[in-house]
Amino acid sequence: MCGIVGYAGHRPAVEVVMSGLKRLEYRGYDSAGVAVVADGALDVRKKAGKLANLQAMLELDPMKDASTGMGHTRWATHGGPTDVNAHPHVSSGGRVAVIHNGIIENFAELVAELAADGIVMTSETDTEVVAHLLESTVERTGDLAEAMRAACLRLSGAFTLVALDAQDPGRLVAARRNSPLVVGIGEGEHFLASDVSAFIDYTRQAIELGQDQVVDLHAEGVTVTDFRGEPVEVSPFTVTWDASAAEKGGFDLFMLKEIAEQPKAVADTLLGRIAPDGLLRLDEVHIPVAELREVDKIVIVACGTAYHAGLVAKYAIEHWCRIPCEVELASEFRYRDPILTRRILVIAISQSGETMDTLMAVRHAREQGARVLAICNTNGSTIPRESDAVLYTQAGPEIAVASTKAFLTQIVAVYLVALYLAQVRGNKFGDEVAAIVGQLATMPHKVDLVLDTVEGVRALAQQFADASSVLFIGRHVGYPVALEGALKLKELAYMHAEGFAAGELKHGPIALIEDGVPVIVVVPPPQGRGVLHEKIISNIQEVRARGAVTIVIAEEGDDVVTPYADHLIRVPACPTLMQPLVSTVPLQVFACELATAKGHDVDQPRNLAKSVTVE
Ligand code: AGP
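Residues numbered from 1 in each chain as written. Predicted model: local features only at pLDDT ≥ 70, side-chain atom pairs only at ≥ 80, totals over all residues. Heavy atoms only, no water.

Student: I'd like a rundown of the overall build of the chain, residues and numbers included.
Tutor: Across its full length, the chain holds 18 helices and 24 strands. Against the 2.2 N^0.38 benchmark of 25 Å for 615 residues, the chain shows a C-alpha radius of gyration of 25 Å, consistent with a compact globule. With the C-alpha coordinates of the chain rotated into their principal frame, the extents come out at 80 × 55 × 45 Å. In the chain, which comprises 615 residues, the proportion classed as buried is 61%. Within the chain, contacts between residues at least 6 apart in sequence are counted, and of these 72% link residues at least 24 apart. With an accessible surface of roughly 22,300 Å², the chain has 50% of that area assigned to carbon and sulfur atoms. In the chain, 53 positive and 79 negative side-chain charges are present, and the distance between their average locations comes to 5 Å. (Helix = DSSP H or I, 4+ residues; strand = E, 2+ residues; numbered from the N terminus. Rg over C-alpha atoms; globule rule 2.2 N^0.38 Å. Buried < 20%, exposed > 50% of the residue type's maximum accessible area, 1.4 Å probe, protein only. Contact = heavy atoms within 4.5 Å. Areas by Shrake-Rupley, 256 points an atom, 1.4 Å probe, with all protein chains shown as cover. Lys, Arg positive; Asp, Glu negative; His and termini not counted. Charge placed at Lys NZ, Arg CZ, Asp CG, Glu CD.)

Student: Which residues make up the nonpolar core, and what are the values?
Tutor: Residues I298, I300, W320, L489 and F590 are the most contacted members of the largest nonpolar core, which totals 130 residues. Of the residues forming this core, the biggest block, 15 residues, is contributed by helix 13 (residues 405–425). Among the nonpolar cores identified, the runner-up in size contains 26 residues, and I119, V129, A163 and V214 belong to it. (Core = buried A, V, L, I, M, F, W, Y, C linked by side-chain atoms within 4.5 Å.)

Student: Kindly report on the sheet that holds strand 7 (residues 157–165), identifying the contributing residues and their values.
Tutor: In spatial order, the strands read 5-6-7-8-12-13; together these six strands make up an open sheet with antiparallel pairing. On the outer flanks of this sheet lie strand 5 (89–90) and strand 13 (222–226), each paired with one strand and no other. Along the sheet face, helix 5 (residues 144–154) touches strand 6 (96–104), strand 7, strand 8 (172–177), strand 12 (213–217) and strand 13 and points at about 160° away from the line of strand 7. (Pairing = 2+ DSSP bridges. Axes fitted to C-alpha atoms, helices over the stretch in contact; angles between N-to-C directions.)

Student: Any details on the environment of G478? Residues and values, ideally.
Tutor: Along the chain, G478 turns up in helix 16 (residues 478–493). The buried category is assigned to G478, whose relative accessible area is 4%. C-alpha separation for the pair G478 and H308, spaced 170 residues apart in sequence, amounts to 11 Å.

Student: So what's going on with the domain arrangement of the chain? Which residues, and what values?
Tutor: Per the domain assignment, the segments making up the chain are domain 1 (3–244), domain 2 (248–446) and domain 3 (455–597). Relative placement of domain 1 and domain 2: their C-alpha centres are 33 Å apart. Together, the buried faces of domain 1 and domain 2 total about 1,000 Å²; carbon and sulfur atoms form 54% of this surface. When the buried area of domain 1 at its contact with domain 2 is split by residue, Y26, N178 and E208 rank highest and sum to 45% of it. At the surface where domain 1 touches domain 2, the tally comes to zero salt bridges. Inspection of the region where domain 1 meets domain 2 yields two residue pairs in polar contact (both at pLDDT 80 or more). Residues of the side of domain 1 that touches domain 2, tallied by class, amount to six nonpolar, four polar and two charged. (Domains from an automatic or database assignment. Buried area = accessible area lost by both parts, 1.4 Å probe. Salt bridge = Lys/Arg side-chain N within 4 Å of Asp/Glu carboxyl O. Polar contact = N/O pair within 3.5 Å; in protein donor to acceptor, adjacent residues only side chain to side chain. Nonpolar A, V, L, I, M, F, W, Y, C, P; charged D, E, K, R; others polar.)

Student: Residue-level account of the pairing of strand 3 (residues 41–48), with values.
Tutor: For strand 2 (residues 31–38) and strand 3, the ladder comprises eight bridges, and the chain directions are antiparallel. Bridge assignment links A32 to a residue of strand 3, and that residue is K47. Hairpin connection, strand 2 to strand 3: the antiparallel pair is bridged by two residues, and D39 has positive phi, about 50°.

Student: Mind laying out the site of the ligand, listing which residues take part and the relevant values?
Tutor: What surrounds the ligand is a group of 13 residues, the closest being S350, Q351, S352, T355 and E491. T355 places a polar side-chain atom, nitrogen or oxygen, 2.4 Å from an oxygen atom of the ligand. For the ligand, a nitrogen atom lies 2.7 Å from a polar atom in the backbone of V401. Across the complex, the protein chains shield 91% of the 410 Å² of accessible surface that the ligand would expose by itself. Sorting the residues of the shell around the ligand by element identifies helix 9 (304–321) and helix 16 as the ones contributing at least two each. Tallying contributions element by element places helix 9 first for the shell around the ligand, with three residues. Across the shell around the ligand, the residue classes tally to four nonpolar, seven polar and two charged. (Near = heavy atom within 4 Å.)

Put into structure tokens, the structure is as follows:
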């Protein structure tokens, strides 16, 4: 939700900032802007629309040379996506420019206060108030860092802010509360960004700015304080992936690249966590085994795709650990006053580790005394930092807005936690755990086999580009897979798509079926719970009898379904709980291809942003 880049060093700042914005554009892409100080004055350019619009503007009218600068790519909250509302915003006296990610919740009150001082807002944004607040202090003290600290103490809500003072070139001051900011440490140069991909070409040394901290950044160094000006000790970390991980690597789309990376992502998530005896070693989960043995309930909180991963995991947790498990949308969790105790383990799933709804659920759970374990893909992000323990998925950076490899690795990571719980609590014997771990270990190869067959899925998807609605049905773990398939189609193809528990159809949704409506069916393995397979065959018959066109995802060798499938997509045979790892992949490809056929921007679908850092 908004990408932020800052640079102070020896390179041309506009170039560095624009290349960083390109990497962060997935975070928001409805407008973009850049600011530098040149000849003692701010030079600010901004433009509605994608970054390419700003780029074209700069090519026509290049900015002045500068070695300090900042840039922003926006996902609109306050005020529509216009040139005027694009960031940076400049103070009334023209001295301070500011960029912002988040929402200033008390902005109306601050606007009224500024109006009383005769300051007229020129944009509809909440951000502009910060530029005016900063200028009023900096005019008095001449110190941008002090002005930032004073402003932050007056703000409520979520914010990452970066500011530039026309009278103090060579310096950037940034602050954060409830919104991400990392500092890149180079030689004679320093960077600021919403995530490390913006500066990975220049340095892999980074510092994650903590909650309520301010960083004062020059080419030669950085100083971090809290909002009261007390120095803060920082611990730099090294980014373990390289720049190529954030590039398309020969694929037309990040989404296609990330779909193709799934076998490796799954394998990497298992790596180093299985001991030679087949048992699990999750040393990184710093919750004492004695406490894990006492857990009497698990609550999973997450949003979107991560929530669907949680829904899949519930089946495994209850089956393997015999611990009751609830899965809840993080945005609803804390508002219903959930009953939480020390014996409840809350599992927060988040690719980005910055999703505000999930973060708020984590905070609420901890305040109520529950233990929180994060499943996260982004090292050092806020959700794992605020949790009691974390198990990282090893998917590598996920850039496409539509989540793919994160979903598969989230399922794998929660399965590892479930099996670990079963192991330490004695719900399963060692050989039983080892057998299931062995099944998991075969999944990268099986996902690879699915990838070999996706050409057929692509051709099929194109046939449905004109459908007005697509329905997805599944049973057991196939139900969350159906929800995920529908979410992918909604967000990428902008089509009406709904996922249903197949058994629920006859309770209402079957009324949606009419001649030619495509229904995608996720068929459970016949050798699993046999009854599930029989039941879904009945459900397929019910929709066909009413005119639906059925697209059936079924495992190799399941010939019983063949007569009921207008189109058949085969996936390798797997145990029931493993099937989501293969059956989801054709649905990702289907949505990606259908959106491409409709001419949509798959990596940056309309109205969305990769990481949702507002509630
Ligand atoms: C789905 O494709 C999404 N991009 C979205 O639903 C996402 O999964 C959700 O916003 C949660 O994000 P997180 O995993 O970063 O917390």
